[in-house]
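Below are the chains, spelled out letter by letter.
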Amino acid sequence: MASFIERMCLYRVLVLSVFLSITQAVDRSNFKTCDQSAFCSRQRAMKPGQSSYTALLETLELSDSHLTVQLLNNNNKVLLLLELYRLQGNMTRVKINELKPIKARYEVPDVLITDPPTELMSVVAQDEHRVVLSLGGEDWRLILSAQPFRLDIMEGPQVLLSLNSRGLLAFEQLRIRKDTKSQTDTEEAGEKEDTEQHEKVSEGEEEEAEEEVDQPGMWEETFKTHADTKPNGPSSISLDFSLPGVEHVYGIPEHADGLRLKNTDGGDPYRLYNLDVFQYELFNPMALYGAVPVLLSHNTHRTMGLFWLNAAETWVDVSSGQGSSEVPQTDVRWISESGIIDVFIMLGPRPNDVFTQYSSLTGTQAFPPLSSLAYHQCRWNYNDQEDVSAVDQGFDEHDIPYDFIWLDIEHTDGKRYFTWDNNKFPQPKDMLQGLLDKRRKMVTIVDPHIKVDSSYKIHTEIRSRGYYIKNKDGGDYEGWCWPGNAGYPDFTNPEMRKWWASMFAYDQYEGSMENLYTWNDMNEPSVFNGPEVTMHKDALHGPWEHRDIHNLYGFYVQMATAEGQIQRSGGLERPFVLTRAFFAGSQRYGAVWTGDNAAEWGHLKMSIPMCLSLGLVGISFCGADVGGFFKTPSAELLVRWYQAGAYQPFFRAHAHLDTPRREPWLFGPDNTALIREAVRQRYTLLPYWYLQFYHAQRTGQPVMRPLWVEYPEDIATFSIDNEFLIGRDLLVHPVTDERSSGVTAYLPGNGEVWYDVHTFQRHDGAQNLSIPVTMSSIPVFQRGGSIICRKNRVRRSSSCMENDPYTLYVALDSQGKAEGEIYIDDGHTFKHKTDKQFIHRRLSFTANSLSSSDLSPDSQFTTASWVEQVNILGAQKPDAVTLTTTDGGESSVEFEFDPDTAVLTLRKPGVNAGVNWTLHLR
């Protein structure tokens, strides 16, 4: 009994400390700096200069698929194996590993969607100093220099990228700890090393290896009260890349910082290590909840990418300045604690090429159910079924649409996931059926920390099957989280993932129905009493330490959960799963959000570059907690956040347990009207959002994108992160300053035109436009030359709008042309893939005619939706308008023309949205 009381007291102290840290913002002392991380400090102490590595060109072997050559560390005589692959799609892969490690080093599985197809490499020239390889075409070359080892990728005379040009390649080989080896072990290891060096070191290089001196932190280190044992010893890796002519680099999320990466000289590097950071600070390179080790470089001539495939803790240094010839240059150095060097160099040359290259490696954004692109209402926590019903009714009473209501951890039976609190939610199916009757849905939270309780089925099953992560001594790893003492399932185990997926079956997850979806939180993983509020690195996933796989954990949790939703429907229904932790490839499994932000103007501003950064590395389905999770927003801030959130991919309001209620109608009728209008704007644009996600899952292009992606030669766009594009055709500049009376939006494109979507006023591109704003203003512009489809009859949920008619907005360019697309399917199944049940059509306006033609003539789908109105912006008044359909029928169409706005409105063409037709302006 005493031990139980002591444990509960400890638990209360831990939870109290968590909430204290919440109210006081992030406690930086809970999280390491580079100086406090032994491997980062050790690696960063290296100075640029002469590399210690030589490429032994006599060991070079070239096959149909790749080239291999050995690298010699001249200091310790350890040999590495370099593998070079020329990949299809203008990519190069570089792998470096120990030639003969004493045990296997971790190589990241499951992130690549396939073994990337290779193309032939050929030797163009070779001498004792270097090898020149062809990368296809006459101008593309890869130069492998021997002494010191260096790689240069060339296009003609231009160096696009150099690897190890600063000599910062470092590879700490696995070795046996000297003070723990027996005499026999020492002698045998020495004999083996002597034999290998005799076999592998070329003549003239057999000088004695330098004695390696152990440094502090190599075999164990302590952070605060947490000891990290390192039975494998030092294992970190490092490599530098130089990018001549580059001043702007982006990516490596997640950080609460601007879109363009900053120079880290004199400060901490950017850190990639998934962590539960309470109320994170802005403009800080500290690690956050997710880690995608992908960096993009961009200048007016070329966009390139680096994908560092390593799941261990990683630090990234960025140094921008002048190169050797007074040309701008950015140097990037990656440092990881363990694993191997496995890097993909994506050579572009255009931004869209890099997106295509990266998605060919890790996959594209999962195509979400259409309803998940609508509005979500959440807080920690809706109290009970009556509360859920009252909130649901409140939306109807105030005529505000919504699609999903969410339940946080308090809905469960004592934080036991896959359960319901029988007192508060005694009839979950009745609650879900009530929502289903209104064509609405629910999300419940299912976290990956499992309460240690012998009466809890989930726990006893995982324990009996041996699916928990183990501690360094082989017992089940346990830590503290919301339920108290918790175990952590080993999601790296495919059998564990398979079992987890089976728990979402309707007969396993009692009370669940087809309109119940899932939220995976705390999956960094969060361990309240662990080092840096996460798991000990020496915990074990089968043969691998947690340090090897840490950044993959959340990826696997979301993977298993999404698979569970698919399986429960017999493979028919698309899943919706929100995750807080993520890695490269997480886009294949659902949505992410920016975590525990605060009700502050700075956090509203920061939501834009944070989601833009995620989109650049494949994760398009991103949003931030509308209103801020912590603290209490003013009415003005809340309204502005709704206005901004309505134009971001994932649109969810969420709030902390201790904040006052903030449903949209609680701030007075004027603010309710403003929020209602913002949400309604989102619903009218759902056809456009859905089209963008359709393209994202096909091509890998980001839905929410920086301006420079579409205007790569316009230097003025390179540092803009307070406005963005949705697809190509909508430009949004949210109002993110308190008491703002105006904003200045940059409209890109010399010779292009942009139309205010609210007033239809036309503006020229390539200018900074001053825009006066009121509280009702959401500055949004449609690109001239585009056609956007909307549904202007807003109902209580997106599903209720399924068969409603479309209104087309045709924005003419300076030549009087425009084009766009419309995409329609059932909105929730995989039948668009399995049975080609979809409609995809091109809309084109040219020579005073607007036509709809089929982009997928072999698809099979019909729609009840029709075109009820066409608005042509920048038009001239015609004498007559006629409609021609495929059956040869012709009819006149009513129209009116507003000379003040130059808008021509065609009323009720009355044509089905899924057939061929042409409107003629005469």
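Here the structure is a predicted model, which is why all the values come from computation and not from measurement. (Residues numbered from 1 in each chain as written. Predicted model: local features only at pLDDT ≥ 70, side-chain atom pairs only at ≥ 80, totals over all residues. Heavy atoms only, no water.)

Asker: I'm lost on the state of the cysteines in this one. Help?
Answerer: Structurally, a disulfide amounts to a covalent bond that connects the sulfur atoms of two cysteines. According to the stated counting rule, one finds two disulfides in the structure shown. Across the disulfide from Cys 611 sits Cys 622; the S-S distance is 2.1 Å. Judged by the sign of its S-S torsion, about -75°, the cystine formed by Cys 611 and Cys 622 is left-handed. Of the two residues, Cys 611 is situated in helix 11 (residues 601-616) and Cys 622 in strand 32 (residues 622-623); the sequence distance between them amounts to eleven residues. A relative accessible area of 0% means that Cys 622 is categorised as buried. Free cysteine: Cys 481, not disulfide-bonded; nearest cysteine sulfur from Cys 378 at 17 Å. (Disulfide = S-S within 2.5 Å. Helix = DSSP H or I, 4+ residues; strand = E, 2+ residues; numbered from the N terminus. Buried < 20%, exposed > 50% of the residue type's maximum accessible area, 1.4 Å probe, protein only.)

Asker: What am I meant to see in the nonpolar core here?
Answerer: With 171 residues, the main nonpolar core has Phe 307, Met 442, Trp 500 and Tyr 642 as its most contacted residues. Per element, the largest residue contribution to this core is nine residues, and it comes from helix 11. Residues contacting Tyr 642, with those up to four places away along its chain left out, are Tyr 375, Gln 377, Val 626, Phe 651, Ala 653, Pro 664, Ile 675, Ala 678 and Val 679. (Core = buried A, V, L, I, M, F, W, Y, C linked by side-chain atoms within 4.5 Å. Contact = heavy atoms within 4.5 Å.)

Asker: Hey, could you run me through the sheet that holds strand 25 (residues 478-481) in this one?
Answerer: Strand pairs in the sheet, formed through backbone hydrogen bonds, run parallel or antiparallel to each other. Taken in spatial order, the three strands of this open sheet run 24-26-25, and their pairing is antiparallel. Of all strands in the sheet, those bounded by a partner on one side alone are strand 24 (450-451) and strand 25. Here strand 24 pairs with strand 26 (residues 484-487) via two bridges, running antiparallel. The residue bridging Lys 451 from the neighbouring strand is Ala 486, located in strand 26. (Pairing = 2+ DSSP bridges.)

Asker: Would you explain the sheet that holds strand 1 (residues 53-62) in this entry?
Answerer: The sheet built from eight strands is open, its strands ordered 1-2-3-4-20-17-16-14 with antiparallel pairing. Pairing within the sheet leaves two strands with one partner each, and these edge strands are strand 1 and strand 14 (248-251). The average angle at which neighbouring strand axes cross in this sheet is 20°, direction not considered. The pairing of strand 14 with strand 16 (residues 294-298) spans four bridges and is classified as antiparallel. Directly across from Gly 251, in strand 16, lies its bridge partner Leu 295. Where helix 4 (residues 351-362) meets the sheet, its contacts fall on strand 3 (79-87), strand 4 (91-98), strand 16, strand 17 (303-308) and strand 20 (341-346), and the angle it forms with strand 17 comes to roughly 25°. (Axes fitted to C-alpha atoms, helices over the stretch in contact; angles between N-to-C directions.)

Asker: Sorry, what's going on with the packing of helix 8 (residues 494-502) against helix 10 (residues 553-568) here?
Answerer: Geometrically, a packed helix pair is captured by the angle between its two axes and the distance between the axes. Relative to each other, helix 8 and helix 10 sit at 45°, their axes nearing to 7 Å. As summarised for this structure, helix 8 and helix 10 are arranged oblique, according to the angle between their axes. Where helix 8 crosses over helix 10, the handedness of that crossing is right-handed. For the pair helix 8 and helix 10, the contacting residues are Arg 497, Trp 500, Ala 501 and Ser 502 in the first and Tyr 556, Val 557, Met 559, Ala 560, Thr 561, Glu 563, Gly 564 and Gln 567 in the second. (Parallel < 35°, antiparallel > 145°, perpendicular 65-115°, else oblique. Left-handed = near helix turned anticlockwise from the far one by under 90°.)

Asker: Is there a simple way to think about helix 13 (residues 669-684) in this case?
Answerer: The periodicity of an α-helix, 3.6 residues per turn, causes residues three or four places apart in sequence to face the same way. The terminal C-alpha atoms of helix 13, which comprises 16 residues, lie 22 Å apart, in line with the 22 Å expected from a rise of 1.5 Å per residue. Within helix 13 the residues assigned to the buried category are Asn 671, Thr 672, Leu 674, Ile 675, Ala 678, Val 679, Gln 681, Arg 682, Tyr 683 and Thr 684. For helix 13, the secondary structure elements touched by its buried residues are strand 21 (375-377), helix 12 (635-645), strand 34 (651-653), helix 14 (686-699) and strand 43 (786-790). (Expected span 1.5 Å × (residues − 1).)

Asker: Got a minute to help me understand helix 12 in this structure?
Answerer: Taken across its eleven residues, helix 12 has ten buried, putting it largely inside the fold. Looking at helix 12, one finds that the buried residues are Glu 636, Leu 637, Leu 638, Val 639, Arg 640, Trp 641, Tyr 642, Gln 643, Ala 644 and Gly 645.

Asker: Is there a simple way to think about unusual backbone geometry in this case?
Answerer: In terms of backbone geometry, most residues other than glycine have negative phi values and most peptide bonds are trans. Put simply, Pro 253 and Glu 254 share a cis peptide bond, and its omega is 25°. Within the secondary structure, Glu 254 is located in the loop between strand 14 and strand 15 (270-272). Cis geometry marks the peptide bond from Glu 524 to Pro 525; its omega dihedral reads 5°. Looking at the secondary structure, you find Pro 525 in the loop between strand 27 (516-520) and strand 28 (540-541). At Arg 739, a residue that is not glycine, the phi angle is positive and equals roughly 50°.

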